[in-house]
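# Examining the three-dimensional arrangement
Residues per chain are reported as follows:
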Amino acid sequence: MKTTHSILLISLLSLSPLLTGAAPVGVCYGRVAADLPPPASVIGLLNSNGISRIRLFNPDPAALAPFSGTGIELTIGVPNEILPTLANGTVAASLDWLQSNIFSHIAPSQLRYLAVGNEVLQKDPFYTPFIVPAILNIHQALQILGLNDIVRVSSSHAATILSTSYPPSTGAFHNDVKPALIPLLQFLRDTNSPLMVNIYPFFTYVENDHQHVTLEYATFRSSEVEMDGGLAYDNMFDSAVDAFVYAMEREGFEGIPVVVTETGWPTGGGDGGSAENAFAYNGNVVRRALGDVGTPKRPGVGVEVFLFDLFDEDGKTGTEYEKHFGIFGIDGNKAYDIRFN
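All residue numbers refer to position in the chain's written sequence, counted from 1. Whole-chain, interface and lining totals are the exception, using all residues; otherwise, since this is a predicted model, local features are given only for residues with pLDDT of at least 70 and side-chain atom pairs are given and counted only at 80 or more. Excluding hydrogens and water, the side-chain figures rest on all heavy atoms present in the structure.

The name that an unreviewed UniProt entry assigns to the protein chain is Glucan endo-1,3-beta-D-glucosidase, with the source organism given as Salvia splendens. In its Sequence similarities (unreviewed entry) section, UniProt records this for the protein chain: "Belongs to the glycosyl hydrolase 17 family." UniProt positions are given in the numbering used here, feature names are shortened, and annotations may be inferred rather than shown by experiment.

## Thoughts on the sheet that holds strand 12 (residues 304-307)
In space, the eight strands of this closed barrel follow the order 1-2-3-4-5-8-11-12, with parallel pairing throughout. Here the strands of the sheet are splayed against their neighbours by 25 degrees on average, with no regard to which way each runs. Sheet strands touched by helix 5 (residues 91-103): strand 3 (73-78) and strand 4 (111-118). Its angle to strand 4, the strand with the most contacts, is close to 110 degrees. Strand pairing is defined by DSSP finding a minimum of two bridges between the two strands. Each helix is a run of H or I in the DSSP string that is no shorter than four residues. Each strand is a run of E no shorter than two, and both are numbered from the N terminus. Angles run from 0 to 180 degrees between N-to-C directions of axes, and those axes are lines fitted to C-alpha atoms, restricted for helices to the stretch in contact. Residue contacts follow a heavy-atom distance rule, with two residues in contact if any of their heavy atoms lie within 4.5 Å.

## Describing the nonpolar core
Grouped together as the largest cluster of nonpolar side chains are 108 residues, with contacts concentrated most on Ile-54, Leu-114, Phe-173 and Phe-237. If one sorts the elements of this core by residue count, helix 10 (residues 236-250) sits on top with nine residues. We call a set of buried Ala, Val, Leu, Ile, Met, Phe, Trp, Tyr and Cys residues a nonpolar core when their side-chain atoms join them within 4.5 Å. To sort residues, take the accessible area from a 1.4 Å probe on protein chains only and compare it with the maximum for the residue type: under 20% means buried, over 50% means exposed, and anything in between is partly exposed.

## Here's the deal with unusual backbone geometry
Of note, the amide linkage connecting Tyr-166 to Pro-167 takes the cis form, showing an omega dihedral of -10 degrees. Looking at the secondary structure, you find Pro-167 in the loop between strand 6 (162-164) and strand 7 (172-173). Even without being glycine, Phe-220 reaches a positive phi, approximately 65 degrees. Within the secondary structure layout, Phe-220 lies in the loop between helix 9 (215-218) and strand 9 (226-228). Under the relative-accessibility criterion, Phe-220 is labelled buried at 15%.

## Overview of the pairing of strand 8 (residues 195-198)
Here strand 8 shows no split at all, with Leu-195 and Val-197 on one side and Met-196 and Asn-198 on the other all buried. Relative to strand 8, strand 5 (residues 152-158) runs parallel, the two sharing three bridges. If you follow Ser-156 over to strand 8, its bridge partner there is Met-196. Inspection of the sheet shows strand 8 paired to strand 11 (residues 258-263) by four bridges, in the parallel sense. Across the sheet, Val-197 pairs through a bridge with Val-260, a residue of strand 11.

## A closer look at the pairing of strand 2 (residues 53-56)
Where strand 1 (residues 25-28) lies against strand 2, two bridges are found, and the strand directions are parallel. Each residue of the ladder has a partner; that of Val-27, found in strand 2, is Ile-54. By definition, the crossover connecting two strands over a helix is right-handed if that path, from the first strand to the second, turns clockwise as seen with the strands pointing away from the viewer. Taken together, strand 1, helix 2 (residues 39-48) and strand 2 constitute a β-α-β crossover, and its handedness is right-handed. Across four bridges, the pairing between strand 2 and strand 3 is parallel. Counterpart to Arg-53 in the pairing with strand 3 is Glu-73.

In structure tokens:
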């Protein structure tokens, strides 16, 4: 299906700039669960709660098509297993993939980001060599469509790509990810695109000694301040974001924005998992984004975030925590009284 120039022009004129006013807040729409509400009914839930940005982990037509014409901005994942095909193919093949899998279901005006691969470095390293070539082909395809200055292309990374993150000023990338990461950072700088990172203070809390990593510090409720040079940190989220900023600067890349493509806190599953803690953490993440609070390293520059997750995902494997990050129940009721605007 070909996207006409007239549709593209209308879409471009209707788009807002990449960052305006408060930092955007979105929610991840994971679907690894049974008995989830049908995607069409999810749209009403989002609208009634003021959620205008969603991250989909893949362009599943059943989930994607109901968003058409809703005005909800989407970040769409390009699955890891697709990367070799896109990397080894032609730009024309990437163009066909975009039109068949995304623009046949939604207008370009609804697409904010393409996240090419998720947590590939270290966690799924087979696909590492394909990240940047796939991104370059997709970016050139977007250029052909006149969307390269509108749709930003990046790749989401786990916090574990940092070899050092505390204190933030010591932030550094693992040496073994640099051969793939440095070309990516060059692309991000050249295209004014963000580094996408997944940050979970919850896991840092549960996996460490609570005397050194406190619940209060992890959930924005600490009365203590930790100094790093002349910068004061009172929460783990800011510390983690700034560690990435320092790590990029250490490699010679300044000014690349950071978008947190996943962060959240579970309502159950064991130590630290509760609705109270989830509300404290997620509520403060949202409040600080909407208020353009920023971080000590970048004050007044709000951090764009996507909260994980829209619903609990009982199909997730691993620890019990993984199944309980949902902000809403399948009945549409909030697990806690978080507000998005």
